[in-house]
Amino acid sequence: ILEKIARNNAVVVMTVNMGQSSLLMNFACSALRRGFDLGNVLVFPTDLESKKLAEGLGLATYFDEHNMSTIPKGEARRYGDKIFRSMMYAKVLCVLYPLLLNYDVLFQDVDIVWFKDPMPFFQDSDDPKVANFDVLFQHDGSDSVRYAPYSANSGFYYVRANKRSQYLFTSLLYH
């Protein structure tokens, strides 16, 4: 799948369950209306219904039944609840898989819409602000001690495939 859809050795990945399905539809419809080609987007659905929906929207999918099928189908009711934590696990897996196959990854939550294609920004090898990093996160906006000192937002970030990023995302599965 990745070999077929990657552009400049990079893919956009997201994960979705049925509780978030309307957000995925909003992303895809908004992007297509603005003329974006979503051929490099790979959705990691956590259930068969979400897989069918994503494919119906013209998006490539990979359903890891072994790891994803136990994730609840509903939406999280609050930050940190069981469904939220399960989806955080799915978010790590869907980034790790392409990284282990040496593809760069732009991860985004399904509640994000694009006003312009974000990939050229992250792949600008002439811009030292972005070219020399393994992982680029935006600030979460939270200044709580729990996330200090970094406060990285896990809803939109770019990861370059290398041994350091592969180690980081493998480690996230265990901590």
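Everything in this summary refers to the structure shown in the same document. (Residues numbered from 1 in each chain as written. Predicted model: local features only at pLDDT ≥ 70, side-chain atom pairs only at ≥ 80, totals over all residues. Heavy atoms only, no water.)

**Let's talk about the pattern of salt bridges**
- Going through the model one piece at a time under the given rule, you end up with 4 salt bridges.
- As a salt-bridge pair, Arg7 and Asp37 come within 2.7 Å of each other at their nearest N and O atoms. Of the two residues, Arg7 sits in the loop between helix H1 (2–5) and strand E1 (10–16) while Asp37 sits in the loop between helix H2 (21–33) and strand E2 (41–45), which places them 30 residues apart along the sequence.
- Overall, the relative accessible area of 33% leaves Arg7 in the partly exposed class.
- Since its relative accessible area comes to 51%, Asp37 is described here as exposed.
- Close ionic contact of Lys51 with Glu55 constitutes a salt bridge, the shortest N to O distance being 2.5 Å. Linking Lys51 with Glu55, this pair stays in helix H3 (residues 48–56), spanning 4 residues, or about one helical turn.
- We classify Lys51 as partly exposed; its relative accessible area is 22%. (Salt bridge = Lys/Arg side-chain N within 4 Å of Asp/Glu carboxyl O. Helix = DSSP H or I, 4+ residues; strand = E, 2+ residues; numbered from the N terminus. Buried < 20%, exposed > 50% of the residue type's maximum accessible area, 1.4 Å probe, protein only.)

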